[in-house]
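A look at the structure
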Amino acid sequence: MTKIQAAHLPGLDLQAVPWQTLTFGEGVQRVDVSVPQLTPEQLQALARHVRTQGGAQIRALSLTQIITAIDRAIARLLDAQDAYRQQLDRLLPLITGFDAEMVRLGLNAYLKTFRAPQLQRFVAEDFANPKLLDEFQPRAKGGMARALGPELLVHVWAGNVPGLPLWSLVCGLLVKAPAVGKTASAEPLFAAHFARLLAEVEPRLADALAIVWFKGGDTESERALYAEADTVLAYGGNETLAALRQQLPVTTRFLPHGHKLSVGLVSAAALDAQHLPAVARAAALDVVRYEQQGCYSPHTYYVARGGRVSPREFALALAGELSALQHRFARRALSLEEAASVAGWRQGQELKGQDGSVELVGDAGAPWAVAYADRAGPLLPCALNRTVQVQAVAALDETLPLLAVQRDFLQTVGVAASPEELHALAEGLGRAGATRICALGQMTAPEAGWHHDGRFSLLDLVRVVEIEASAEAAAEPYARYRD
Amino acid sequence: MPELLAFIARDGVGEADFNALALCLFAHQFQHNTAFQKFCQQRGRTPRTVKSWREIPAVPINGFKDLTLSCVPTDLCARVFQTSGTTRGDIKGRHWHPELAVYDLSMTRNFRTRFMAGHERLPMGILFPDEQQMPNSSLAHYLALALREFGAPGSRYFIDSSGLQIEALVVALQSAQASGQPYTLLGASYSFVHLMDALQERGLRFQLPAGSRLLDTGGFKGQSREMDMDAFYEQLASTFGVPRSACINMYGMTELSTQFYDGGNAMLPSVKSGPHWIRSRVVDPLTGVEVPRGERGILAHTDLGNYNSVTTILTEDVGIAVDGGFLLLGRAQGTQAKGCSIAVDEFLKAARA
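Quick caveat, the model's predicted, so the values are computed rather than measured. (Residues numbered from 1 in each chain as written. Chains lettered and ligands numbered in written order. Predicted model: local features only at pLDDT ≥ 70, side-chain atom pairs only at ≥ 80, totals over all residues. Heavy atoms only, no water.)

**Observations concerning the overall build of chain A**
Along the backbone of chain A there are 15 helices and 18 strands. Taken over the C-alpha trace, chain A has a radius of gyration of 24 Å; the compact-globule value for 483 residues is 23 Å, and the two agree within 12%. Once the C-alpha set of chain A is aligned to its principal axes, its extents read approximately 85 × 60 × 45 Å. Counting only residues that meet the buried cut, chain A has 58% of its 483 residues in that class. Accessible area of chain A: about 19,400 Å², with a carbon and sulfur share of 51%. (Helix = DSSP H or I, 4+ residues; strand = E, 2+ residues; numbered from the N terminus. Rg over C-alpha atoms; globule rule 2.2 N^0.38 Å. Buried < 20%, exposed > 50% of the residue type's maximum accessible area, 1.4 Å probe, protein only. Areas by Shrake-Rupley, 256 points an atom, 1.4 Å probe, with all protein chains shown as cover.)

Rendered as structure tokens:
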């Protein structure tokens, strides 16, 4: 059994902090994660400390220095020999239940998108002139402008895709926002680890981040924390987000990231004997990675008829790849609730299958299932944990109305199609709600600087302060050296 | 059917008798219900291969929504009970009953032993609409039966089309308290919550006479505020002066013809059990295999009262097998929303809109 603390509480008297244990796994696999149970007063004191001390620290650094600090922390995490990384490699699989090798590979791919060149690209995506984040810069229209980050940013994380909090944490750091992050019960470790590591590699940022935990729905703690923030960035279901929004003063900037749904499209052009194995393998990997827990994970593949390989044959090839991948990345043990959800989904497919319209591939004991339908329907979620629908369409543009049903939830569309088809489809996919179109096999690995849910991740966080030309002109008569 | 009625009327049966009748009903349903036959064939189970009631394929309760599970043409059925449709919105599960003789015998025989505590009749207040208002509700029929077969003079409904009749209830409770005779209240759990809230607003509490009993069923279903079950029974006890051990919870389903009861709720979770014509298993939802004793699983029930639909259903309820019955731990919540992935209900709502 392993015991570990997951928190970063700069400025707080640790003796006075009560701790609670979240238990994951059992037997030798068991991990007890101690999380702080701060009183509303302690939360408030922590938030104020981070806002004042941490804010002064982070604002004193240049953007380049901040990028360098993050890059050093990421370099440590990319080093397989580093103690922090080793702890993550060992504990994250135990906490989340995900296959260890899957976590290791996933983390590598993910961390690589946060190295210095990638971070610079990330900033450049949103700021033509990144120096706006350091000081006032001249504007082409006249006058000067500067981008200021939040005085205190609060992150509310959800879920158990390991490393997920890093995304918004880094966004906050890049705009020089001191931040308090609330971790999810499902994965409380990563964010705290990163904050501690960052403080180690750059002590001048030691007070700029705090990582806390409290139970969702603990309104007293929520209120105490949110009252101190001027920006709240939250992940969660729409109900959670709606409840959270209710608690915020109208002047607090709220950046919600609701649950999302993603989908794959396979064109007839990709369906011949030469391409099938690679396409099916890529599609299977997108399903297997993080057991479809991500917003970018596919629930359905719409597959076009008319290729040398039929949509049904694609479904069988996908099933074959899922079966093979079980040996490389074993599916985690399902909780009773998850198993019931998978069972319910299977039963639903079987019931639909009584008239022959749905064929369920993979028996009840298999750690995956593919439901093949000859007639495509509106995009619906599957049951996660390697359950996926394959539905045949005459052509890929037929899917647009089927996807648009989920316009508010659609996020990533993985596409295997010819260049002409890709570009012809993109406009329609965008209008159907998609914000990210990528290659099959890349669905769970967004590129550095992507616009999460179609938003400008850094611009959304800042406030622009402008010195208008009139102020400059009006100041001239008061200069000591005026003529 | 006479055989089934006689079976229910017996004082108890052994495994072999239960098994024999279950297999007989299975063969009958396999033969006369094509939807069920297909369902069994998908699983490679037929009357030739099934040798024990435990091997009868359990139909998930969603099957009552998607399939017509009846051995006789549905237009010949006297009654159809429908689910309230809490999980899949507008789609309701339907349970067809050619006639209600078996249902009624099952209900009355079981109710007498499990709720009446030796009384022939007791004064009853029903916190649920009557059968005229809800002709397709199995609970409305159940409570109508209770009232008709076991209600003492003065028993009545306290819900009409305009809702809970608080004033009349207050009068009835006050007179019950004064009479010294045991009184009973029966109804949906959420109706009790509404009643307790209304009484609390008025600052009223009662001390019902010794021997009084309460029967709640069905949980809150979004019809009232969700209450912690311990707080619920604590508040029942303090509002009505009925000890928690006399607060009985009935666990029933539209998809069954027989109910389960506990012996009061002094301790939670209470042990639920049914009569000799229903048996329950706790299974792995994916494989249908029984889980080791003491482990959580999904409840599957084999109800011989379900002679026209299917004897064996797979619920969405989590339970643990214990001595003398099972613990009911609530509904399997489905996939908890995790990561930035899905909350199935949200998407289903979107798909219907």
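The structure having been displayed, the exposition proceeds.
**Some thoughts on the pattern of salt bridges**
One pass over the structure, following the stated rule, counts 31 salt bridges over all chains. The partner of D262(B) in a salt bridge is K272(B), with the nearest N and O atoms 2.9 Å apart. Pair noted here: D262(B) is in the loop between β11 (260-261) and β12 (271-272) and K272(B) is in strand β12, with a separation of 10 residues, a long-range link. Across the pair, exposure class does not vary: D262(B) and K272(B) are buried alike. One network of salt bridges, with partners in common, ties together R48(A), R51(A) and E228(A). (Salt bridge = Lys/Arg side-chain N within 4 Å of Asp/Glu carboxyl O.)

**Observations concerning empty space enclosed by the protein**
Residue and element names in this part refer to chain A. Throughout the structure, instances matching the rule amount to three cavities of 30 Å³ or more. In this structure, the largest cavity spans a volume of roughly 80 Å³. For the largest cavity, the full set of lining residues is R59, L133, R146, A147, L148, G149, P150, E151, V175 and K176. With three residues, strand β5 (residues 144-148) is the single largest residue contributor to the lining of the largest cavity. Classifying every residue of the lining of the largest cavity gives five nonpolar, one polar and four charged. (1 Å grid on protein atoms, 1.4 Å probe; cavity = no way out; pocket = protein on both sides within 12 Å on 5 of 7 lines; lining within 4 Å. Points joined across faces, edges and corners; volume = space filled by probe spheres on them. Nonpolar A, V, L, I, M, F, W, Y, C, P; charged D, E, K, R; others polar.)

**As for the sheet that holds strand β12 (residues 298-304) of chain A**
All names here are of chain A. A sheet is described by the order of its strands in space; here seven strands give the open sequence β13-β14-β15-β12-β11-β16-β17, paired in mixed fashion. Only two strands of the sheet have a single partner each, and these edge strands are β13 (358-361) and β17 (436-439). Adjacent strand axes in the sheet meet at a mean angle of 20 degrees when their direction is disregarded. Where β13 meets strand β14 (residues 369-373), four bridges bridge the pair, whose relative direction is antiparallel. Bridging from a neighbouring strand, L360 pairs with A371 of β14. Most of the contacts of helix α10 (residues 276-288) go to β12, to which it runs at about 160 degrees, and overall it touches β11 (261-266), β12, β15 (387-393), β16 (410-416) and β17. (Pairing = 2+ DSSP bridges. Axes fitted to C-alpha atoms, helices over the stretch in contact; angles between N-to-C directions. Contact = heavy atoms within 4.5 Å.)

**Points about the packing of aromatic side chains**
All names here are of chain A. Overall, the coordinates contain 18 aromatic pairs over all chains when judged by the stated rule. Seen from their ring centres, F98 and Y290 are 5.6 Å apart, and the 65 degrees between their planes marks the pair as edge-to-face. Taken together, the positions of F98 in the loop between α3 (83-96) and α4 (100-112) and Y290 in the loop between α10 and β12 put the pair 192 residues apart, joining distant regions of the chain. On the accessibility criterion, F98 (2% relative accessible area) is buried. One aromatic cluster in this structure is built from Y110, F114, F122, W167 and W450. Over the ring of F214 we find K182; its NZ or CZ atom is 5.3 Å from the centre of that ring. (Phe/Tyr/Trp six-rings, centres within 6.5 Å; stacked < 30°, edge-to-face > 60°. Lys NZ or Arg CZ within 6 Å of the ring centre and 35° of its normal.)

**Considerations on helix α2 (residues 15-32) of chain B**
Residue pairs three or four apart in sequence face the same way in an α-helix, which turns once every 3.6 residues. Residues and elements named next belong to chain B. For α2, built from 18 residues, the straight-helix expectation of 26 Å at 1.5 Å per residue is met to within 8% by its first-to-last C-alpha distance of 26 Å. Along α2, the positions that sit buried rather than exposed are F18, N19, L21, A22, L25, F26, Q29 and F30. Turning to α2, the residues buried within the fold contact α1 (2-9), α3 (34-42), β13 (278-283) and β14 (297-303). (Expected span 1.5 Å × (residues − 1).)

**Some words on the side chain of T108(B)**
Residues and elements named next belong to chain B. Counting through the fold element by element, T108 comes out in helix α5 (residues 101-115). Residue T108 is classed as buried on the basis of its relative accessible area, which comes to 13%. At a separation of 2.8 Å, a polar atom in the side chain of T108 contacts the main-chain carbonyl oxygen of D104. The residues contacting T108, other than those within four sequence positions of it, are L145, E149 and F150. (Polar contact = N/O pair within 3.5 Å; in protein donor to acceptor, adjacent residues only side chain to side chain.)

**Focus: the layout of surface pockets**
When its volume is computed, the second largest pocket comes out at roughly 900 Å³. For the lining of the second largest pocket, the element with the most residues is α3(A), which contributes four residues.

**Examining the environment of K141(A)**
All names here are of chain A. Residue position: K141 is located in the loop between β4 (137-138) and β5. Given the relative accessible area of 60%, K141 is considered exposed. Note: C-alpha distance between K141 and A469 (328 residues apart in sequence) is 8.6 Å. Within polar-contact distance, the side chain of K141 engages the side chain of E466 at 3.4 Å.

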